[in-house]
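# Observations on chain architecture
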Amino acid sequence: MPRKLNLAVAQLGPIARDESRESAVARLIEMLKEAAGRGCTFVVFPELALTTFFPRWYMEDQAEVDTWFESEMPNAATMKLFEAAKALGVGFNLGYAELTREDGRVRRFNTSIIVDTKGEIVGKYRKVHLPGHAEYEAYRPWQHLEKRYFEPGNLGFPVYEADGAQIGMFICNDRRWPETWRVMGLKGAELICGGFNTPTHNPPVPQHDHLNSFHHLLSMQAGAYQNGAWTAGAAKAGMEEGSMLLGHSCIVAPTGEIVALSTTIEDEVITASCNLDACREIRDEIFNFKRHRQPQNYGLIAEV
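What counts and what doesn't
Residues numbered from 1 in each chain as written. Predicted model: local features only at pLDDT ≥ 70, side-chain atom pairs only at ≥ 80, totals over all residues. Heavy atoms only, no water. Helix = DSSP H or I, 4+ residues; strand = E, 2+ residues; numbered from the N terminus. Rg over C-alpha atoms; globule rule 2.2 N^0.38 Å. Buried < 20%, exposed > 50% of the residue type's maximum accessible area, 1.4 Å probe, protein only. Contact = heavy atoms within 4.5 Å. Areas by Shrake-Rupley, 256 points an atom, 1.4 Å probe, with all protein chains shown as cover. Core = buried A, V, L, I, M, F, W, Y, C linked by side-chain atoms within 4.5 Å. Arc of directions from axis to C-beta. Pairing = 2+ DSSP bridges. Axes fitted to C-alpha atoms, helices over the stretch in contact; angles between N-to-C directions.

This next bit is on the overall build of the protein chain. When you go through the protein chain residue by residue, the secondary structure sums to nine helices and 14 strands. For 304 residues, the compact-globule estimate of 2.2 N^0.38 gives 19 Å, and the protein chain sits close to it at 18 Å. C-alpha atoms of the protein chain, sized along the principal axes, occupy 55 × 50 × 45 Å. Classification of the 304 residues of the protein chain by burial places 54% in the buried group. Across the protein chain, contacts joining residues at least 24 apart in sequence account for 70% of those joining residues at least 6 apart. About 13,100 Å² of surface is accessible on the protein chain, with carbon and sulfur atoms providing 53% of the total.

This is the structure we're talking about:
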């Protein structure tokens, strides 16, 4: 019998700056229930799914910045999501801003977690490839200050076992970097998933605006095919506080074929039945890492 994972991606429409976490969580629970009703046992939610995309604003008061962060997970606002997941028997991948104390100091990360069908956290990832800038740039219609509010992730690209599947995570800009996919491919990930908040306008290179969806799907499809893994990306989409965010949440097969694609820029659930054993068709033949890789020729990748 093939090993099947009934997978859902839950795209979020815009979250307003003044929308509460409780409101966002209620929307996530509704989509969790919809996914469960379709027989799914794992749901991928977007990056920073509990709030609006706050790095678009320049803030000098650290206390104000910290209001967007979660100091524990689950917490009072998110506990209902964990309880619903346990009751429904559905796991999930959730992105949020994490404030923690490590190495004797306060640290802030753009984080995502894997929660299993028992409602337990079984894995954590912190965004490695932070885009944007660290200081105010007046020419931009909005800011992209991830480099100001977060530090690069310090967990590498781990792969976790969750309910019989080997799962790794990316967050937004990570999907554009081939190293992201390759490390988890080498670790045997069968599903590589994550969320994104991608503006359709990029002020430094506006001549690329029309390519946003193409580049997003190209990255997802190449990551899947070249590593023999299912990939799934969940968007925060639509006009959010004056910034239009890309939709096209997707599920991609290990062959690189898109098997599910969102058609709105609102809250939307897409699903696919994923044969995890299909990963082997790519990894045993086309991209058999042990048989065909020549890592002695790739040193420059890690040296520069």
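Now, onward.
Right, let's talk about the nonpolar core for a bit. Generally speaking, a soluble globular protein has its nonpolar side chains buried in company with each other. L7, F42, L191 and I251 are the most contacted members of the largest nonpolar core, which totals 43 residues. The residues touching L191, leaving out its near neighbours within four places in the chain, are L5, L7, F42, Q166, I167, G168, W230, T231 and A232. Ranked by size, the runner-up nonpolar core spans 28 residues in total, among them L12, A49, L81 and F82.

Three or more residues of helix α5 (residues 178-186) are buried, namely T180, W181, M184 and G185. Taken around the axis of α5, the buried residues stretch over an arc of 120 degrees, which confines them to a single face. At the exit of α5 stands G188, carrying a positive phi of roughly 90 degrees.

Along the chain, I15 falls in the loop between β1 (4-11) and α1 (21-37). Along the chain, I15 and M239 lie 224 residues apart, while their C-alpha atoms are 9.1 Å from each other. Ignoring sequence-local partners within four residues, the contact set of I15 consists of A24, R27, A49, L50, T51, T52, K236 and E240.

On the basis of which strands lie adjacent, the open sheet formed by six strands has the order β5-β4-β3-β2-β1-β14 and mixed pairing. With partners counted over all chains shown, the strands left at the sheet margins are β5 (121-126) and β14 (268-275), one partner each. The sheet shows a mean angle of 35 degrees between the axes of neighbouring strands, taken without regard to direction.

The next thing to look at is unusual backbone geometry. With an omega of 0 degrees, the peptide bond between M73 and P74 qualifies as cis. Following the sequence through the fold, P74 ends up in the loop between α2 (62-66) and α3 (79-88). A positive phi angle, near 50 degrees, is found at D163, a position not held by glycine. Its place among the elements puts D163 in the loop between β6 (159-162) and β7 (165-171). Take D163: its relative accessible area is 48%, and that puts it in the partly exposed class. Positive phi values are uncommon outside glycine, yet C172 reaches one of about 50 degrees. Here C172 shows up in the loop between β7 and α5.

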